[in-house]
Amino acid sequence: MKIIEKDGVKFSNPVVVEGLPDIGLVGAIAVTHIVESLGLEEVAHFESHLFPPIMVMHKGVLTDPVRILGNEKLLVVTSEIAIPPIVIYPLASALVDWLSAKGARLVVSLTGFPEQNRLEIDKPLVFGIGNLEQSLNLLKEKGVEVMSEGFIAGIYALIMKYCMLKKIPAITLMAQSFPNYPDPGAAASVLQVVNTILGLNVSVDSLLEKADEIKIKARDLMRQTRSALERVGKVSEQQIPLMYR
Amino acid sequence: MGWIADLLDEIEGAIKPSWDSADRCLEPLVEIENRENEIIVTVDLPCVEKKEDISLEVSEDALEIRAALKRAIKWERWGVVQKNIEFTAFKKVVILPEKVKPEEATAIFKRGVLKVRLPKARRKFTLKIS
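Summary of the structure given here. Per chain, residues are indexed from 1 in the order of the written sequence. Whichever chain is written first is A, and whichever ligand is written first is 1; the rest continue in order. Side-chain atom pairs in this predicted model are given and counted only at pLDDT of 80 or more, local residue features only at pLDDT of at least 70, and totals for whole chains, interfaces and linings cover all residues.

## Topic: the packing of helix 1 (residues 26-38) of chain A against helix 5 (residues 184-198) of chain A
Residues and elements named next belong to chain A.
Okay, so step 1: To define axes, lines are fitted to C-alpha atoms, for helices over the stretch in contact only, and angles between the resulting N-to-C directions are given on a 0 to 180 degree scale. Numbering of helices and strands runs from the N terminus; a helix is a DSSP stretch of H or I covering at least four residues, while a strand is a stretch of E covering at least two. For the pair helix 1 and helix 5, the least separation of the axes is 8 Å and the interaxial angle reads 65°. Remark: the crossing between helix 1 and helix 5 carries right-handed chirality. Side by side, helix 1 and helix 5 meet where Val26, Ile29, Ala30 and His33 of the first sit next to Pro184, Ala186, Ala187, Val190 and Leu191 of the second.
Okay, so step 2: Per-class residue counts for the contact of helix 1 with helix 5 are 8 nonpolar, 1 polar and no charged. Should the near helix be turned anticlockwise from the far one by less than a right angle, the crossing is termed left-handed; should it be turned clockwise, right-handed. Each residue gets a C-beta atom placed from its backbone, and two residues are in contact if those atoms lie within 7 Å. Only Asp, Glu, Lys and Arg are considered charged, only Ala, Val, Leu, Ile, Met, Phe, Trp, Tyr, Cys and Pro nonpolar, and every remaining residue, Gly among them, polar.

If you want it as structure tokens, here you go:
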């Protein structure tokens with residue numbers, strides 16, 4: 001797994017927002033909205049023979065589907081295809097090594113927390129997880145409810161772990177979400193917290209206005225993601241852990 | 001060689017169309033929950049405004065859903081074939097994992113999600129232990 005940078009890009013201790021496809025495509029929807037709202041451009045892409053042989057066309061230009069967009073101070077990690085289970089370890093490891101080399105000062109992963117009762121919930125709640133004392137303090141300062149016990153599974157779990165090994169503060173923000181449908185409402189909840197933590201000021205209303213359109217467009221990515229998640233044991237997040245302390 | 005099978009699944013998933021160009025219909029996302037006494041089918045129907053726009057046909061072993069979109073959808077910037085098609089409805093036939101009693105089925109439509117409850121046809125008796 002390699003990360004290929006565009007020529008001439010400079011980095012100045014960037015903050016990183018990761019939104020790879022996962023439960024309810026919460027992170028993918030949120031980061032796509034951040035990219036569109038802030039007009040972020042590609043700075044790097046992931047290269048590996050473990051990805052399916054897929055390229056994306058945007059305005060007639062051939063583009064890699066798993067990319068990093070952003071600027072000197074803000075980077076966004078996104079994918080237009082489901083992440084195959086076999087890619088999770090090498091991708092998380094390559095990403096964190098690269099971020100460490102760029103002097104990343106905070107990594108924020110965005111995802112959904114599967115909520116069977118989602119249909120009855122108006123405004124999904126957001127929970128936070130931190131990998132270091134510094135990240136936990138940040139969540140508490142910003143008034144985010146911290147998940148203190150439980151399992152987390154998926155690429156963000158590995159990103160948090162590898163960041164911890166490299167002493168990079170990382171947090172995951174998870175919103176109550178439909179497990180198997182794209183959930184722009186959950187993405188809006190998580191985006192509100194991102195705005196508070198990073199001071200981004202990205203409009204949440206404009207995301208909610210195009211919720212139906214997003215849900216229709218994201219059906220195929222959701223189907224692929226659902227099948228990939230079934231293979232990585234995502235169900236374990238719903239189990240009760242037996243822990244001795 | 002499990003990873004090859006996985007890779008082929010990925011590719012198949014990526015290229016299998018989720019629309020029917022002849023019928024101008026999109027395929028909705030569907031979830032099937034097989035409970036002890038009933039099967040619950042939920043269907044994500046964005047862009048469908050009201051329950052009157054949805055038609056449901058239930059038999060013992062299948063549920064057919066058709067729902068009109070509040071406006072036609074066209075992807076002008078995407079693809080080659082599909083960019084010229086206007087999609088006007090969702091359509092899906094769900095094959096049920098067990099036989100159900102169609103006459104006792106119920107449905108609700110809330111926040112763009114259709115939820116259909118289908119009681120199972122299988123009869124159960126409580127046995128007394130002597």
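## Some words on helix 2 (residues 88-101) of chain A
An α-helical turn contains 3.6 residues, so a residue and the one three or four places further along point in the same direction.
Residues and elements named next belong to chain A.
Okay, so step 1: Multiply 1.5 Å by the residue count of a helix minus one, and that product is the helix's expected span. Look at helix 2: 20 Å from first C-alpha to last across 14 residues, which is about the 20 Å you get at 1.5 Å a residue.
Okay, so step 2: Looking only at helix 2, the buried set comprises Leu91, Ala92, Leu95, Val96 and Leu99. With its buried residues spanning 120° around the axis, helix 2 presents them on a single face.
Okay, so step 3: Tucked inside the fold, the buried residues of helix 2 contact strand 2 (15-18), strand 3 (41-47), strand 7 (74-79), strand 8 (106-114) and helix 4 (155-165).
Okay, so step 4: Immediately beyond the C-terminal end of helix 2, within one or two residues, lies Gly103, with a positive phi of roughly 75°. Residue burial here comes from a neighbour count, namely the number of other C-beta atoms, placed from the backbone, that lie within 10 Å of the residue's own C-beta, with 20 or more meaning buried, 12 or fewer meaning exposed, and in between meaning partly exposed. The directions considered for the arc run from the helix axis to the C-beta atoms.

## Side note on the environment of Gly60(A)
Okay, so step 1: Structurally, the position occupied by Gly60(A) is in the loop between strand 4 (56-58) and strand 5 (61-63).
Okay, so step 2: With 46 residues separating them in the primary sequence, Gly60(A) and Pro14(A) have C-alpha atoms 30 Å apart.

## A few points about the nonpolar core
Okay, so step 1: Formed by 72 residues in total, the largest nonpolar core has its most connected members in Val26(A), Ile159(A) and Val190(A).
Okay, so step 2: Element by element, the count of residues in this core is highest for helix 5 of chain A, at 8 residues.
Okay, so step 3: To form a nonpolar core, buried Ala, Val, Leu, Ile, Met, Phe, Trp, Tyr and Cys residues must be joined through C-beta atoms within 7 Å. One finds Leu45(B), Leu63(B), Phe87(B) and Val113(B) within the second-largest nonpolar core, a separate group that totals 25 residues.

## Notes on the pairing of strand 9 (residues 126-130) of chain A
Residue and element names in this part refer to chain A.
Okay, so step 1: Burial analysis of strand 9 places 4 of its 5 residues in the buried class, which makes it a mostly covered element.
Okay, so step 2: Of the pairings in the sheet, the one linking strand 9 to strand 11 (residues 170-177) comprises 5 bridges and is antiparallel in character. Bridging from a neighbouring strand, Ile129 pairs with Thr172 of strand 11.
Okay, so step 3: Strand direction decides the pairing type here: strand 9 and strand 10 (residues 145-146), joined by 2 bridges, are parallel. Counted as the bridge partner of Phe127 is Glu145 from strand 10.
Okay, so step 4: Crossovers are marked right-handed if the path from the first strand over the helix to the second runs clockwise, as seen with the strands pointing away from the viewer. As for the winding sense of the linkage, the β-α-β connection from strand 9 through helix 3 (residues 133-141) to strand 10 is right-handed. Pairing between two strands is assigned when DSSP locates at least 2 bridges connecting them.

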